[in-house]
Amino acid sequence: MQSQWRTLSSSRTINGDDSILPVLIVGAGPVGLTLSALLTKLGVKCAVLEKSGSFSKHPQAHFINNRSMEVFRKLDGLAEEIQRSQPPVDFWRRFIYCTSVTGSILGSVDHMQPQDYDRVVSPVSVAHFSQYKLTRVLLKHLESLGFHVQCGEGLESLSGSKILMGHECISIDTTANSVNVTASFLKEGKYMKKDIKCGILVGTDGAGSTVRRLVGINMRGERNLQNLVSVHFLSQELGQYLMNERPGMLFFIFNTDAIGVLVAHDLMQGEFVLQMPFYPPQQKFEDFSSEVSVLAGVLFLCEILLEMCERLIYKLVGRNLADMDVIDIKPWVMHAEVVEKYLSCDSRVILAGDAAHRFPPAGGFGMNTGIQDVHNLAWKLASVVNGIAPTSILSTYEMERMPIANFNTALSLENFRAAMAVPAALGLDPTIANTVHQVINNTVGSILPSKVQRSILDGVFAIGRAQLSDFILNKNNPLGSSRLAQVRRIFEEGKSLQLQFPAEDLGFRYLRGAVVPDSDRMEEPNAPTGRQQDYVPSADPGSRLPHMSIRALSKPHSEEMVSTLDLVSGDKVEFLLIIAPVESSYRLAQAAFEVAHDFNASVKVCVMWPDGTVDAVARSKAALTPWDNYIDVVEVRQSATLKSWWDLCRMTHRGAILVRPDEHIAWRVKSRVVDDFASEMKKVFSTALGFDSI
Ligand SMILES: Cc1cc2nc3c(=O)[nH]c(=O)nc-3n(C[C@H](O)[C@H](O)[C@H](O)COP(=O)(O)OP(=O)(O)OC[C@H]3O[C@@H](n4cnc5c(N)ncnc54)[C@H](O)[C@@H]3O)c2cc1C
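Residues numbered from 1 in each chain as written. Predicted model: local features only at pLDDT ≥ 70, side-chain atom pairs only at ≥ 80, totals over all residues. Heavy atoms only, no water.

(A) How the structure looks around the pattern of salt bridges. Inspection of the entire model under this criterion finds 26 salt bridges. Across the pair Asp-540 and Arg-509 runs a salt bridge whose closest N-O atoms are separated by 3.8 Å. Of this pair, Asp-540 sits in the loop between α15 (502–505) and β20 (549–552) while Arg-509 is found in the loop between α15 and β20, placing the two residues 31 residues apart along the sequence. A salt bridge links Glu-574 to Lys-572; its shortest N-O distance comes to 3.3 Å. (Salt bridge = Lys/Arg side-chain N within 4 Å of Asp/Glu carboxyl O. Helix = DSSP H or I, 4+ residues; strand = E, 2+ residues; numbered from the N terminus.)

(B) Highlighting the pairing of strand β1 (residues 21–26). For β1, a buried count of six out of six residues is recorded, marking the element as mostly surrounded by other parts of the structure. Two strands pair when backbone bridges link them, and β1 and strand β11 (residues 190–203) are joined in this way by five bridges, in the parallel orientation. Paired with Leu-21 across the two strands is Cys-198, which belongs to β11. The sheet contact formed by β1 and strand β2 (residues 46–49) spans four bridges and is parallel. Within the sheet, the bridge partner assigned to Val-26 lies in β2 and is Leu-49. At this point the chain moves from β1, through helix α2 (residues 30–41), to the parallel β2, and the crossover so formed is right-handed. (Buried < 20%, exposed > 50% of the residue type's maximum accessible area, 1.4 Å probe, protein only. Pairing = 2+ DSSP bridges. Right-handed = clockwise from strand over helix to strand, strands pointing away.)

(C) Here's a closer look at empty space enclosed by the protein. By the definition in use, this model includes three cavities of 30 Å³ or more. Approximately 160 Å³ is the volume found for the largest cavity. Lining of the largest cavity is provided by 16 residues; of these, Leu-38, His-375, Ser-569, Gly-570 and Pro-661 occupy positions nearest its centre. Where the lining of the largest cavity is concerned, the elements lending two or more residues are α2 and α9 (366–385). (1 Å grid on protein atoms, 1.4 Å probe; cavity = no way out; pocket = protein on both sides within 12 Å on 5 of 7 lines; lining within 4 Å. Points joined across faces, edges and corners; volume = space filled by probe spheres on them.)

(D) Seen up close, the packing of aromatic side chains. Scanning all chains against the criterion turns up 13 aromatic pairs. Between Tyr-97 and Phe-491 the ring centres are 4.7 Å apart and the planes differ by 50°, which places this aromatic pair in the tilted class. With Tyr-97 in strand β4 (residues 94–98) and Phe-491 in helix α14 (residues 478–492), this residue pair connects regions lying 394 residues apart in the sequence. Summarising the burial analysis for this pair, Tyr-97 and Phe-491 share the class buried. The interplanar angle of 15° and the centroid separation of 5.1 Å between the aromatic rings of Phe-593 and Trp-627 together place this pair among those described as stacked. In this pair, Phe-593 is assigned in helix α16 (residues 583–598) and Trp-627 in the loop between α17 (617–624) and β24 (630–635), connecting sequence segments 34 residues apart. Site record: aromatic cluster; members linked through ring pairs are Trp-379, Phe-575, Phe-599, Phe-685 and Phe-691. (Phe/Tyr/Trp six-rings, centres within 6.5 Å; stacked < 30°, edge-to-face > 60°.)

(E) Quick peek at the environment of Ala-336. Relative to the elements of secondary structure, Ala-336 occurs in strand β16 (residues 325–339). Judged by relative accessible area, which is 3%, Ala-336 ranks as buried. For the pair formed by Ala-336 and Asn-224, sequence separation is 112 residues and the distance between their alpha carbons is 8.3 Å. Setting aside residues up to four positions removed in sequence, Ala-336 forms contacts with Arg-220, Gly-221, Glu-222, Leu-225, Arg-358, Pro-360, Thr-409 and Leu-413. (Contact = heavy atoms within 4.5 Å.)

(F) A look at the layout of surface pockets. The volume enclosed by the second largest pocket comes to roughly 1,000 Å³. Of all the secondary-structure elements, those providing two or more residues to the lining of the second largest pocket are α10 (393–419) and α15. For the lining of the second largest pocket, the leading source of residues is α10, giving six residues. Broken down by class, the residue content of the lining of the second largest pocket amounts to 15 nonpolar, eight polar and 12 charged. (Nonpolar A, V, L, I, M, F, W, Y, C, P; charged D, E, K, R; others polar.)

(G) Representation of unusual backbone geometry in the model. The omega torsion across Thr-625 and Pro-626 is 15°, close enough to zero to call that bond cis. Topologically, Pro-626 is positioned in the loop between α17 and β24. The backbone of Asn-600 sits at a positive phi, close to 65°, despite the residue not being glycine. Positive phi, normally seen in glycine, also occurs at Glu-663, with a value near 70°. Along the chain, the position of Glu-663 falls in the loop between β25 (656–659) and β26 (665–669).

(H) Molecular detail of the site of the ligand. In the neighbourhood of the ligand, 32 residues make up the surrounding shell, with Glu-50, Gln-131, Gln-275, Asp-354 and Met-367 lying closest. Residue Phe-63 places a main-chain N or O atom 3.0 Å away from an oxygen atom belonging to the ligand. Here an oxygen atom of the ligand and a backbone polar atom of Gly-364 are 3.0 Å apart. For the ligand, whose accessible area on its own is 1,000 Å², the fraction buried by protein is 87%. Mapped onto the shell around the ligand, the elements with two or more residues apiece are α2, β9 (168–174) and α9. Here the shell around the ligand takes three residues from α9, the largest share from any one element. (Near = heavy atom within 4 Å. Polar contact = N/O pair within 3.5 Å; in protein donor to acceptor, adjacent residues only side chain to side chain. Areas by Shrake-Rupley, 256 points an atom, 1.4 Å probe, with all protein chains shown as cover.)

(I) Spotlight on the UniProt feature "transmembrane region" (unreviewed entry) in the protein. Within this structure's numbering, the places UniProt gives as "transmembrane region" (unreviewed entry) are residues 20–39. Helix makes up 50% of residues 20–39 and strand makes up 30%, while its end C-alpha atoms are separated by 16 Å. (UniProt positions renumbered as here; feature names shortened; annotations may be inferred.)

(J) Representation of the sheet that holds strand β14 (residues 259–266) in the model. Reading across from one edge, β5-β4-β13-β14-β15-β12-β16-β19 is the order of the eight strands in this open sheet, with mixed pairing throughout. In this open sheet, the two edge strands, each paired with only one partner strand, are β5 (105–110) and β19 (357–358). Its contacts with the sheet place helix α7 (residues 236–245) against β12 (219–234), β13 (250–254), β14 and β15 (271–278), and it is angled at close to 95° to β15. (Axes fitted to C-alpha atoms, helices over the stretch in contact; angles between N-to-C directions.)

(K) Structural context of α14. For α14, spanning 15 residues, the distance from its first C-alpha to its last is 21 Å, which sits close to the expected 21 Å at 1.5 Å a residue. For α14, every residue scored as buried is listed here: Gly-480, Arg-483, Leu-484, Val-487, Ile-490 and Phe-491. Taken around the axis of α14, the buried residues stretch over an arc of 110°, which confines them to a single face. Turned more than 90 degrees away from the buried face of α14 sit Pro-478 and Glu-492, all of them exposed. Residues of α14 that are buried in the fold lie against β4, β5 and α11 (421–425). Sitting at the head of α14, Asn-477 places a side-chain oxygen 2.8 Å from the backbone nitrogen of Leu-479. Looking at the residues trailing α14, positive phi occurs at Gly-494, about 65°. (Expected span 1.5 Å × (residues − 1). Arc of directions from axis to C-beta.)

See the structure below:
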């Protein structure tokens, strides 16, 4: 079947030539590590280059959304390990708005609902787990898959399964057969170079991606939205206080001395990150204190910085912390950008994660979108490397993931604006600070001496923060009382920053790519609102397969329940066809087996029996022989109010659903199985395997 297409020659070469590593990943952040785990499970040899000599301990991301947890759930219990290791949910379910961490509370929002635990829409719940801890868990998992973290020179054998630390990708060159990568590394005080040949290079090297720059891909969107400083510190005393008095994940703090957001990464360990806005060049690290001189020396500078951070933490916490230990201080810039393309060099250089998109962190979509990028990409790479699909399937990665990145950029911007609603209601217009800052930098202000520029900025900030004084912000002051009432309304109406976005988290859908639409016109998603909306299960092509609890009929006495998502293998590239035990659907299944076989692809059939069925196995066996890759399952409706499988999917039991290896729906027929099964299945597999994208 495939021979008629431009297809597998390159992938066969990749597999056949031992000097070419099938997939090289640049960047061992959470996205690169997740991709290595997914590929290794799918049997694809890969290795990772990481420029740092060690893994970052800066906590950074911490909210893992439902869909990412579903991806981790398929990595041999990784989601369960995250859930076991994260702090108890009661310590992080709230956002607290206050005048200082120990001062008056302006409002508090609980972001967890009973449905977040009842496993009705997903077999797993969201998690709060710092990025460096996730990296550690991913590394442990990779080691269990045979990976080695190598600190010195390595990769001589190109056998894959290595993470090469201290190796920076510095150049990329492509030939007819391979992508040639040069990595620079330090040996005995000298920079050395190593050349590595690979079939496909995936750049997961973060927001400042070298891979992106080397292949000349630009980003589009809004740049430099806000400069921030993150101060990572430990204080058991603060953790203990908050656990007892006011546990929460984010503390939005507004007072006359300082404004900032405290992220409680782990109250039990007393681990925090303080985020503060920062206005360069008038404010810069070495300019935080007028006492600092350029000649002051790094140590002195660090001490001044530490002192300054400690003073700021004191102002925001509202009391001295005897055990405070500042670990590090990092500046970072918020952007809202997506690459103009995800693929380069004939689809042999591919971007994922922050290398492809960088969002404001509001809503926690950055890392989550990256993890879902590589979940989309992994099975496609495996299909190419294993000779099942042509390289053109890789273009469906861009077709599917780019609209999601664009949507999540807009959503993160809306969330960022929602986060500004409370300060704006308190009389702090954050846009004023940014506007004054821009005016100083871009217009006549920039010719003023830097001290004057700094005084103007400080003056504007002080006037802004004065709005938060007890004199103004109290219920006896008409202005203060109306502002406080407005803040209350924002909370009551759910217009402050949300933690969960179920409609976008589980409900995102691919409209074009390796999917066969129901009709010619696919409905575009509504523009993001920044407000929380429920996830509505859908079996529309491109959607994630809805979750429902099921039980295998082959184990009639077992109480063990699994999710419909568990029917999709994480260990091989395999499609899943879900049918009801109906004669015409069995015939469709026979056709699917035959066509998949012709495509050199694998398909498993799931026969979904209605709730209460006890024994029906003989019927499927008779209808599906000689094929044996099928499973009979019975739906489990845990309460009478819950819908049956086909109702949940808004289909009839005469319908059928073909699911891709990433659990997204490739094709479905709602109620009547088509007449010519074989030709319909050929069309479907051809699209789902990217033959149509050539
Ligand atoms: C304050 C803050 C809070 C956040 N909170 C959340 C949240 O709650 N949820 C969420 O989903 N996201 C969040 N994010 C975003 C999240 O941190 C990023 O999206 C995530 O780190 C992206 O992962 P990545 O693997 O793509 O890139 P990175 O984590 O940046 O990893 C890239 C890796 O590539 C390496 N590298 C770079 N260049 C090279 C090279 N030339 N050669 C070899 N290696 C190279 C780097 O050393 C690094 O290890 C937050 C971000 C910030 C700043």
